Every structure is written in C-alpha cells, then in structure tokens.
Amino acid sequence: MTVRTSATAAAVILTATIAGCSAPATENNDVKLPPVNPQAASLKAGFSTMERLVETARKEGSLTVIALPRDWVNYGEIIDAFSDEYGIKVNQLEPGANSQREIEAAASLKPDVFDLSMDVAVANSAAFAPYKVQSWQDIPDTLKDYRGGWYAGYGGYMSIGYDPRKIPAPASFADLLKPGHSVALPGDPRQAAAAFNAVMATSLKGGEARAERGVEFFGRLKSSGNLAAKGQTATAVIDWDYQNAERAAENGEWKVTIPGDAVLGSYYVQAINKKAPHPAAARLWQEFLFSDRVQNLFLKGYARPARMEALQMRGTLDGELAAKLPATTAKPVFLTIPETDTAKAYVQREWAKKVG
C-alpha cells in the first residue's frame, strides 16, 4: 500500500437501512429473536437484522481503522459518512502505513478492521474473523476468501500520469525512455505495493508480467537520467489510475493514460481483526463499505468498486462517476499470489544492484 495522506472530506447522509436488509422484529409481530453474537460470521447469524447490528455497534461507541488516508479512494468522505450516519467515532491510526505494517501493528494498536493488498491478506488470513456481508454474492469469486476472511473492496489499473505541457502523451511505457522525461514511482518498490506494481506493469509482454523485465526497464530509466530523483519535479508518474486521476482532478494540467493492450490490475481487500475490540462496529463497517452507496463513493474516488458489475446490472451504478474513470480497452492482468511472491523476492534481491 502506498503512503496515503489526508484531503478534504465531505460528509454524506446515508439511510440507516442498507439494501437487502432483513425486516426488523417488532412488538406487533411478537417475534422473539436469538441473542446477539458480535463474533458471528454473518448478519443473520449474529444480529438477525441491520437494526440490531446498528444498535450493538452504537453501544460499542467507536471503530478503529488503520492505514486509511483521507485522500485515498475517497476514504475521507466515507469515514465521515459512517460516523455521521451511525454516531460512531472513527479512530484513524497511521494513515501512511503499508499493508505489512498494518499486520505488524495489530497486536499493539488493536485496529478493528484492515485494508490490505491481497498478497498480505492471504498470508495473514489466520488473523481475520470470517464475516460475509449481505452483498457477498456480488463480489467475484476470485476476489474473496470463500470462508469470508477477506474480500476485495475496490481496485484499479496501473497508469501513467503526465504533464502534457512538458511531454507528449505516452503511448507505451517505452516512451518514457525517450529524452526529456522525468519519471517518478509512488515509493520504493521493495516496500510500497503501488511502486512494486508499477515495476510489474512495465514488464507486461504478451499478457505476462515478469519482474526481471520491470527491474531492467527501471535500470534503463536510471542510466538514461529519466528516473526522477527524490525531490525532483517529475513529468510523469507510474501509479494506480485512481491516484493519477485524483492528481488530474486537483491539477487541470495533469493527464492520465493507460497504455497498451494489456494493463496490470489489482484490488485492495477488507478484513476484520479476529481480536477486534469493537466487533459489531467492525461488521457494520463492512456492511457499510459494500452497500451500493459506498461502493459508489469509492467510484467517486476514481477507484473501481468490487461490486461494480453487479451495480451496473441493477442500475445502481453512478454513470456520471463511472464515466470519469481513465478510459481503456486494455485487458486487465492480475498477478496470482505465487507470481507476486516470486516477483517480490526478485525485486528485493535485485533492485539495489540494478537500479539503486
């Protein structure tokens, strides 16, 4: 996960009932519900209704999140909306932390929920409490743990953000090797997921990503003087499309392109800490994130919501927001966990020697 910093947030008011909720038990129908179980793996098993989940979460009073900067995929607005809607205080810890740091800090900082790169989530699945949100069936099978330990919330494609006043629109990553370019990475690829994926995106050939090609590409950038040094103004940044699109929204001179006929894609996943101090609030947070409204709020942050296809099919996708995503007809390529592990090991071993 890249370093993520804060930005302006606008609170929105959501209805207390998320789409697909169960009908509440009332005195009129005289239905006796089972006791609440905040550790349960589904809304029905633990709370019976959304109203009981909300009531239990409000009694807990707070939710602790980690590594969620306010300008990352619109999390500022999402956090404020959750707090305003349910009256639950959201404690925000280490917004600039990467995925591995989230896991390492869990014992001492005790976050209720995680937002992780998929490889880190898979490697640490034993630390999560299974919970399947009501919209579970809308999440593609390849983007979730069948037991409910983790599941994708949003994702994006690797892109090139560039200053059209200084360089022409790049038609390929290879164009960045031409004279006059100053190319930046969003961090160190040995530590930051976005930077690592940027390296892998440059390595795509025939729909296959290989770390050797990516490291070699950046070695060539460095030797040609086109790799931006720390503090140097870049004319191009290789980063997730939602990050570059956010830059373009803030700076009208900045543009975004997704080059080639194949593009590297990836999703960040959600999980509940097995030792969450506020287990009901954690489960309410997940239901909130996967509601139609909040999936569209991710879209407002230029990210591609995990339930995007389902929203589109049901007519609940915000078409105006979807139209603002960087356009591409490229076929997305997603690294498997073994491919990611092998590539990360190579980057760790060779980056300093070949790029510096």
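Residues numbered from 1 in each chain as written. Predicted model: local features only at pLDDT ≥ 70, side-chain atom pairs only at ≥ 80, totals over all residues. Heavy atoms only, no water.

1. Let's talk about the overall build of the chain
Inference 1: A count of helices and strands for the chain gives 13 helices and 10 strands.
Inference 2: For the chain, the C-alpha radius of gyration of 21 Å lies close to 21 Å, the compact-globule estimate for 356 residues.
Inference 3: Projected onto its principal axes, the C-alpha positions of the chain cover 75 × 40 × 35 Å.
Inference 4: Here the chain holds 356 residues, and the buried ones make up 55% of them.
Inference 5: Counted over contacts in the chain with a minimum sequence separation of 6, partners at least 24 positions apart contribute 75%.
Inference 6: In the chain, the 39 positive side-chain charges and the 39 negative ones have mean positions that sit 5 Å from each other. (Helix = DSSP H or I, 4+ residues; strand = E, 2+ residues; numbered from the N terminus. Rg over C-alpha atoms; globule rule 2.2 N^0.38 Å. Buried < 20%, exposed > 50% of the residue type's maximum accessible area, 1.4 Å probe, protein only. Contact = heavy atoms within 4.5 Å. Lys, Arg positive; Asp, Glu negative; His and termini not counted. Charge placed at Lys NZ, Arg CZ, Asp CG, Glu CD.)

2. A few points about the side chain of Q295
Inference 1: Topologically, Q295 is positioned in helix α10 (residues 292–300).
Inference 2: A polar contact of 3.3 Å, which involves the side chain of Q295, links it to the backbone nitrogen of A306.
Inference 3: Excluding anything up to four places from it in sequence, Q295 contacts G153, L289, F290, P305, A306, R307 and L311. (Polar contact = N/O pair within 3.5 Å; in protein donor to acceptor, adjacent residues only side chain to side chain.)

3. Regarding the packing of helix α6 (residues 193–201) against helix α13 (residues 337–354)
Inference 1: The interhelical angle for the contact between α6 and α13, taken along N-to-C directions, is 95 degrees, at an axis separation of 11 Å. Looking at the two axes, α6 sits roughly perpendicular to α13. Judged by residue contacts, F196, V199 and M200 of α6 engage T340, A343, K344, V347 and W351 from α13.
Inference 2: Tallied by class, residues from the contact of α6 with α13 come to 6 nonpolar, 1 polar and 1 charged. (Axes fitted to C-alpha atoms, helices over the stretch in contact; angles between N-to-C directions. Parallel < 35°, antiparallel > 145°, perpendicular 65-115°, else oblique. Nonpolar A, V, L, I, M, F, W, Y, C, P; charged D, E, K, R; others polar.)

4. Describing the packing of helix α3 (residues 75–86) against α10
Inference 1: For the pair α3 and α10, the least separation of the axes is 9 Å and the interaxial angle reads 155 degrees. Taken together, α3 and α10 sit at an angle that is classed as roughly antiparallel. Taken together, the residues of α10 that come into contact with α3 (itself represented by Y75, E77 and I78) are V294, L297, F298 and K300.
Inference 2: Per-class residue counts for the contact of α3 with α10 are 5 nonpolar, no polar and 2 charged.

5. Some details on unusual backbone geometry
Inference 1: The phi torsion at A67 lies on the positive side, around 65 degrees, for a residue other than glycine.
Inference 2: Position of A67 relative to the elements: it lies in the loop between β1 (62–66) and α3.

6. Things to note about the packing of aromatic side chains
We describe a pair of aromatic rings using the distance from one ring centre to the other and the angle between the two ring planes.
Inference 1: Taken as a whole and judged by the stated rule, the model has 19 aromatic pairs.
Inference 2: Ring centres 6.1 Å apart and planes at 75 degrees place the aromatic pair Y86 and F288 in the edge-to-face group. Here F288 lies in helix α9 (residues 279–289) and Y86 lies in helix α3, a separation of 202 residues in the sequence. Comparing Y86 with F288, the two get one shared label, buried.
Inference 3: Linked through ring pairs, W72, Y75, Y154, W240, Y242, Y268 and F298 together constitute an aromatic cluster.
Inference 4: A cation over a ring is seen here: K344 above F196, with NZ or CZ 5.7 Å from the ring centre. (Phe/Tyr/Trp six-rings, centres within 6.5 Å; stacked < 30°, edge-to-face > 60°. Lys NZ or Arg CZ within 6 Å of the ring centre and 35° of its normal.)

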